[in-house]
Structure formats: C-alpha cells, structure tokens
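# Structure assessment
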Amino acid sequence: EVQLVESGGGLVLPGGSLRLSCVVSGFTFTDYWMHWVRQPSGKGLVWLSRMGRDDGSASYADSVEGRFTISRDNAKNTLYLQMNNLRADDTAIYYCARDLRPGTGSYLSSWGQGTLVTVSS
Amino acid sequence: QSALTQPRSVSGSPGQSVTISCTGTSSDVGAYNYVSWYQQHPGKAPKLLISDVTQRPSGVPDRFSASKSGNTASLTISGLQAEDEADYYCCSYAGRSHVFGTGTEVTVL
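Keep in mind that what you see is a predicted model, and the values were worked out from it rather than measured.

## Considerations on the pairing of strand E6 (residues 72-77) of chain B
- Judged from the 6 bridges that link them, strand E2 (residues 18-23) of chain B and E6 of chain B form a sheet pairing that is antiparallel. Bridging from a neighbouring strand, Thr23 of chain B pairs with Thr72 of chain B of E6 of chain B.

## Quick word on the interface of chain B and chain A
- Taken together, the contact pairs 20 residues of chain B with 24 residues of chain A.
- In this assembly, chain B packs against chain A so that about 1800 Å² is buried in total across both faces, 55% of it on carbon and sulfur atoms.
- By the criterion of area lost to chain A, the three top residues of chain B are Arg96, His98 and Phe100 of chain B, representing 35% of everything that side buries.
- The interface formed by chain B and chain A includes 1 salt bridge.
- Two residues, Arg101 of chain A and Asp52 of chain B, come together in a salt bridge whose shortest N-O distance is 2.3 Å.
- On inspection of chain B and its partner chain A, the count reaches 10 residue pairs in polar contact (both at pLDDT 80 or more).
- Only strand E3 (35-40), strand E7 (86-93) and strand E8 (98-100) of chain B provide two or more residues apiece to the side of chain B that touches chain A.
- Sorting elements by how many residues they give to the side of chain B that touches chain A places E3 of chain B first, with 4 residues.

## Focus on the pattern of salt bridges
- Summed over all chains, the structure comprises 6 salt bridges over all chains.
- In this structure, Arg87 of chain A and Asp89 of chain A form a salt bridge, with 3.2 Å as the shortest nitrogen-oxygen distance.
- Overall, the relative accessible area of 49% leaves Asp89 of chain A in the partly exposed class.
- Linking Arg63 of chain B and Asp84 of chain B is a salt bridge whose minimum nitrogen-to-oxygen distance equals 2.7 Å. A residue pair is termed long-range when its members are at least 10 positions apart, and Arg63 of chain B in the loop between strand E4 (47-50) and strand E5 (64-69) and Asp84 of chain B in the loop between E6 and E7 qualify at 21 residues. There is no split in this pair, since Arg63 of chain B and Asp84 of chain B are both buried.
- One salt-bridge network, in which partners are shared between bridges, spans Arg38, Arg67 and Asp90 of chain A.

About the thresholds
Residues numbered from 1 in each chain as written. Chains lettered and ligands numbered in written order. Predicted model: local features only at pLDDT ≥ 70, side-chain atom pairs only at ≥ 80, totals over all residues. Heavy atoms only, no water. Pairing = 2+ DSSP bridges. Helix = DSSP H or I, 4+ residues; strand = E, 2+ residues; numbered from the N terminus. Contact = heavy atoms within 4.5 Å. Buried area = accessible area lost by both parts, 1.4 Å probe. Salt bridge = Lys/Arg side-chain N within 4 Å of Asp/Glu carboxyl O. Polar contact = N/O pair within 3.5 Å; in protein donor to acceptor, adjacent residues only side chain to side chain. Buried < 20%, exposed > 50% of the residue type's maximum accessible area, 1.4 Å probe, protein only.

These figures come from the coordinates and say nothing about function on their own.
Given below as structure tokens:
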C-alpha cells in the first residue's frame with residue numbers, strides 16, 4: 001500500500017524557517033517524481049514544487065521560488081520542503097504527493113494527510 | 001502563474017449531469033495536454049480523477065469524463081450521486097511548474 005506521511009508543521013514566527021518531511025512507503029521512491037502542494041484554510045489548492053530523482057530536476061511556483069527548497073533523501077525514502085523567510089500568507093495545510101507514473105512529473109496520484117503550518121506572531 | 005478559472009459552484013439533482021469549466025491561457029491549458037482533475041471532500045486529501053486531459057485512473061467511475069478545447073478544459077459528472085458532493089480542482093502543467101484552478105463546489109440537491 002502506498003503511504004505518504006508528512007510531519008514538521010507547527011507554529012512559526014514571521015521571518016522564521018521550518019522544514020517539512022514526507023516519509024513514503026509501499027513503492028520504489030527513486031522511481032517517482034514528488035510534489036508539494038498547500039491549501040490555506042477554506043481556500044483552494046496551490047502547487048508549490050516538484051522534483052524527480054535528483055536536485056537538478058526541481059522546480060517551483062513563482063510565489064515560493066527563492067524561499068522554499070525541495071529535496072529528497074532516497075536512502076531514507078523521505079521528501080523535504082525547507083521553508084525560509086516565512087510569511088503570514090504561507091499559513092496552510094501542506095501536502096506531499098507522488099506522481100501517477102514512474103519517471104514523469106505531471107499528475108499527483110497519491111497524497112499524504114497533510115501537515116499544518118501556521119505563521120503568526 | 002495565475003490560477004486557472006473555475007466557476008465557484010455548480011449544482012444538480014441526483015441523476016443529472018453537471019459540467020465544470022477550467023479556463024487557462026495559451027501558456028498552460030492551451031499549451032500542453034497535461035490537464036488533470038481532482039476531487040476533494042471536506043477534511044480529506046485530494047483524489048486524482050482525471051489525468052492526460054481525458055484519462056480516468058483505475059478505480060474512478062466512468063460517470064466522470066473530461067475534455068479540452070483550446071484554453072479551456074471541462075469535467076462532466078454524469079448521473080450525479082450524493083457522494084459526488086465535493087470540491088473539484090483542475091490542474092495544468094505550465095512549463096516546469098503546475099497551476100491549479102480556483103476550485104468548484106459541487107452540490108447535489
């Protein structure tokens with residue numbers, strides 16, 4: 001069974017940093033592109049970032065490029081999202097998701113349960 | 001990277017059909033055949049309903065269908081059922097990034 005479990009969310013001060021983790025199981029992690037998506041409370045989904053097997057494949061939404069960094073530890077089956085210089089409008093549930101097919105980065109077929117990030121003083 | 005435009009809400013009676021539009025630009029929906037649709041029930045993670053503009057992943061009922069013309073994609077739910085009441089989001093590849101739609105709330109009357 002494919003499973004994705006996010007962690008690392010919490011309350012952080014504006015300007016602060018947080019690193020989210022997404023531990024996966026039930027599939028060969030290195031075969032799949034992975035994504036991060038967020039959803040502010042009561043609002044819509046926002047795609048943030050994706051990466052393939054290695055760092056060279058990473059891409060970002062304009063709204064987070066330069067502040068957020070996606071990475072993965074293939075030995076630990078873990079995806080990360082390093083978030084720096086956080087702002088109040090970064091407050092949201094953050095989801096990690098696996099792509100539908102090996103080797104492609106187009107569709108988010110398996111999702112974690114999400115982790116809540118709150119940016120507030 | 002502006003969000004794709006969807007109607008805020010649509011509604012229909014059980015058994016009826018509803019269609020949700022998703023309007024983008026020539027840089028996203030119009031440029032690539034990488035359009036997908038997601039269903040999200042309250043408090044749950046989204047679920048992939050449609051990939052590759054028109055393809056249903058395994059397990060998705062065939063009452064969900066989709067299409068694309070120019071810069072606009074569409075999702076049709078035929079034979080509406082109570083469990084289809086949820087939020088629906090389109091998503092398109094936009095050249096090294098992806099963009100979601102604004103979301104549509106489907107209400108089953």
